[in-house]
Amino acid sequence: MGQKRNDRPVMAASVWILMITIAMLVLEMLPDALKVPFASGPHSYVISTYSYFNLSVAFATADLSPNLTAGLTIAILLFCSVGLLKRRGIVPYRLPVFICSSVIVVFCFFPLIRYGADCLSFSTCALAALSLLSIALQALIKFRFTPLKTKLDVKKRRGGHIIRIISFVVFLLQLTMMLLEILPGGVKIPSYSISGEKEFLTYPYYSLEPVAKSFDLFPLVIMGLTVVILILSAVGLIKKQGLALFQIPVFTCSVLVFLFSFMPLVEHGMEGLSVPNYCLTVVSFLSIGLQGFLELRVSSCESGSESAH
């Protein structure tokens, strides 16, 4: 009976997510949704406007994020539509919808990072706000659909030991990421000599030098997110609940670390990538994959517990 009682708010929230996604799609179709600067002289530039579906942006600037944003929005729209047609809302597709929404939020900050505040359009700001609202509704669905007493019963659940083992592996991966971030050559910051020659200086992720030299906060943010994941993983293991206690915050932080690890490539090209940065991307991707498997395992355990009751 508990599941039926939660069906109505879950369906209502899913309808709101669908409406938000449709609004996002309309914003992305506007001809002035995206602002891209092009050099018109040695110290001047002109700003051209495009829709998120315009492929000329990818060819002109080698920036695929607008087209990927549009594609991810369509994917969310399809997931929501299929879920509502099956009368289950987004519950069967919580993980892919959450991933797509999180990636869209990060992509919305790319114009600010690459070109500055002058190239932020109303559509881009509205997309970021709507995506955050959609993520908040998805978190509400997660907690309404999964009762708290069910989430905190890992020790007594069938398959609970597998959840704890996967959580321990994720914890080890976070330790590996922390070690990679402590290495002195993790971050490469470009520096120019008097003659105009470009060279890269290397720092660890916890160094404040990148912030002072290039106002680049991403290394410190990555370090902070890794510490948060490490603490949450440790608390879950100490309480013998694994990551079932902190699935959403840990997964969100892991996705952000993975996406932020590409920022050196976006800002400086292949030259800005270091070996620790490569390894950090691979390890964070493995952690996200294990957490995705963990989500499926937790969901199967929850359905098994509900059917037993």
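Just so we're clear, the structure is a prediction, and the values are computed from it rather than from any experiment.

## Points about the overall build of the chain
Line of reasoning, step 1. Helices and strands together make up the secondary structure of the chain, namely 13 helices and four strands.
Line of reasoning, step 2. A separation threshold of at least 6 residues defines the contact pool for the chain, and within that pool the share at least 24 residues apart is 66%.
Line of reasoning, step 3. Per element, the accessible surface of the chain, about 15700 Å² overall, is 71% carbon and sulfur.

## Some remarks on the packing of aromatic side chains
How two aromatic rings sit relative to each other is given by the distance of their centres and the angle of their planes.
Line of reasoning, step 1. Across all of its chains, the model carries five aromatic pairs by this definition.
Line of reasoning, step 2. On the numbers, 5.2 Å between centres and 65° between planes, the contact of Phe107 with Phe110 is edge-to-face.
Line of reasoning, step 3. Their ring planes at 40° and their centres at 5.7 Å tell us that Phe258 and Phe285 sit as a pair that is tilted. Of the two residues, Phe258 is situated in helix α11 (residues 247-260) and Phe285 in helix α13 (residues 275-308); the sequence distance between them amounts to 27 residues.
Line of reasoning, step 4. The class for Phe258 is buried, based on a relative accessible area of 18%.

## Remarks on unusual backbone geometry
Line of reasoning, step 1. With a phi close to 60°, Arg87 is a non-glycine residue in the positive phi region.
Line of reasoning, step 2. Mapping Arg87 onto the fold places it in the loop between α3 (65-85) and α4 (94-108).
Line of reasoning, step 3. The class for Arg87 is exposed, based on a relative accessible area of 71%.

## Here we look at α4
Line of reasoning, step 1. Between its first and last C-alpha, α4 extends 21 Å over 15 residues, near the 21 Å set by a 1.5 Å rise per residue.
Line of reasoning, step 2. For α4, the buried fraction is high: 12 of the 15 residues fall into the buried class.
Line of reasoning, step 3. For α4, the set of buried residues is Arg94, Val97, Phe98, Cys100, Ser101, Ser102, Val103, Ile104, Val105, Val106, Phe107 and Cys108.

## Regarding a nonpolar patch on the surface
Line of reasoning, step 1. A surface patch of nonpolar side chains, about 370 Å² in accessible area, is lined by Met29, Phe53, Ile74 and Leu78.
Line of reasoning, step 2. Topologically, Met29 is positioned in helix α1 (residues 2-29).

## Quick look at the packing of helix α10 (residues 218-238) against α11
Line of reasoning, step 1. Taken N-terminus to C-terminus, the directions of α10 and α11 make an angle of 150°; their axes are 9 Å apart at the nearest point. It follows from the interaxial angle that α10 and α11 lie roughly antiparallel. Taken as a pair, α10 and α11 cross one another with a handedness that is left-handed. Packed against α10, whose contacting residues are Phe218, Val221, Ile222, Leu225, Thr226, Val228, Ile229 and Leu232, the element α11 presents Pro249, Val250, Cys253, Ser254, Leu256, Val257 and Phe260 at the interface.
Line of reasoning, step 2. Considering only residue class, the contact of α10 with α11 consists of 13 nonpolar, two polar and no charged.

## Looking at empty space enclosed by the protein
Line of reasoning, step 1. Scanning the model with the defined rule gives three cavities of 30 Å³ or more in all.
Line of reasoning, step 2. Computed from the structure, the largest cavity encloses a volume of approximately 250 Å³.
Line of reasoning, step 3. If you trace the largest cavity, you find 16 residues lining it, with Leu95, Phe98, Lys142, Ile248 and Glu295 closest to the centre.
Line of reasoning, step 4. When contributions to the lining of the largest cavity are tallied by element, the ones reaching two or more residues are α4, α6 (122-145), α11 and α13.
Line of reasoning, step 5. Tallied by class, the residues present in the lining of the largest cavity amount to 10 nonpolar, three polar and three charged.

## Description of the layout of surface pockets
In this approach, a probe sized like a water molecule rolls over the atoms, and the result shows the empty space that is left.
Line of reasoning, step 1. Volume-wise, the second largest pocket comes out at about 340 Å³.
Line of reasoning, step 2. Along its surface, the second largest pocket is lined by 13 residues, and Asp63, Ser65, Phe107, Phe110 and Val266 are the ones closest to its centre.
Line of reasoning, step 3. Looking at the lining of the second largest pocket, its residues break down into 10 nonpolar, one polar and two charged.

## Description of the packing of α3 against α4
Line of reasoning, step 1. Direction vectors running N to C along α3 and α4 enclose 150°, while the axes themselves pass 9 Å from each other. Compared by their axis directions, α3 and α4 come out roughly antiparallel. Classified by chirality, the crossing of α4 by α3 is left-handed. For the pair α3 and α4, contact is made by Ser65, Leu68, Thr69, Leu72, Thr73, Ala75, Ile76 and Phe79 and by Pro96, Val97, Cys100, Ser101, Val103, Ile104 and Phe107, respectively.
Line of reasoning, step 2. By residue class, the composition of the contact of α3 with α4 is 11 nonpolar, four polar and no charged.

## What to know about the confidence of the model for the chain
Line of reasoning, step 1. Summarising the model, the chain shows a mean pLDDT of 78, and 83% of its residues fall at 70 or more.
Line of reasoning, step 2. Within the chain, no element has a lower average pLDDT than helix α7 (residues 148-151), which sits at 43, and none a higher one than α3, at 88.

## Notes on the environment of Ala128
Line of reasoning, step 1. Along the chain, Ala128 turns up in helix α6.
Line of reasoning, step 2. According to the relative accessible area criterion, Ala128 is buried, its value standing at 14%.
Line of reasoning, step 3. As a C-alpha pair, Ala128 and Ser102 span 26 residues in sequence and 9.6 Å in three-dimensional space.
Line of reasoning, step 4. Look past the residues within four positions of Ala128 in its chain and what remains in contact with it is Val105 and Cys108.

Rules of the game
Residues numbered from 1 in each chain as written. Predicted model: local features only at pLDDT ≥ 70, side-chain atom pairs only at ≥ 80, totals over all residues. Heavy atoms only, no water. Helix = DSSP H or I, 4+ residues; strand = E, 2+ residues; numbered from the N terminus. Contact = heavy atoms within 4.5 Å. Areas by Shrake-Rupley, 256 points an atom, 1.4 Å probe, with all protein chains shown as cover. Phe/Tyr/Trp six-rings, centres within 6.5 Å; stacked < 30°, edge-to-face > 60°. Buried < 20%, exposed > 50% of the residue type's maximum accessible area, 1.4 Å probe, protein only. Expected span 1.5 Å × (residues − 1). Patch = residues over 30% accessible without salt bridge, like charges linked within 9 Å, V, L, I, M, F, W, Y side chains within 5 Å. Salt bridge = Lys/Arg side-chain N within 4 Å of Asp/Glu carboxyl O. Axes fitted to C-alpha atoms, helices over the stretch in contact; angles between N-to-C directions. Parallel < 35°, antiparallel > 145°, perpendicular 65-115°, else oblique. Left-handed = near helix turned anticlockwise from the far one by under 90°. Nonpolar A, V, L, I, M, F, W, Y, C, P; charged D, E, K, R; others polar. 1 Å grid on protein atoms, 1.4 Å probe; cavity = no way out; pocket = protein on both sides within 12 Å on 5 of 7 lines; lining within 4 Å. Points joined across faces, edges and corners; volume = space filled by probe spheres on them. pLDDT = per-residue confidence, 0-100.

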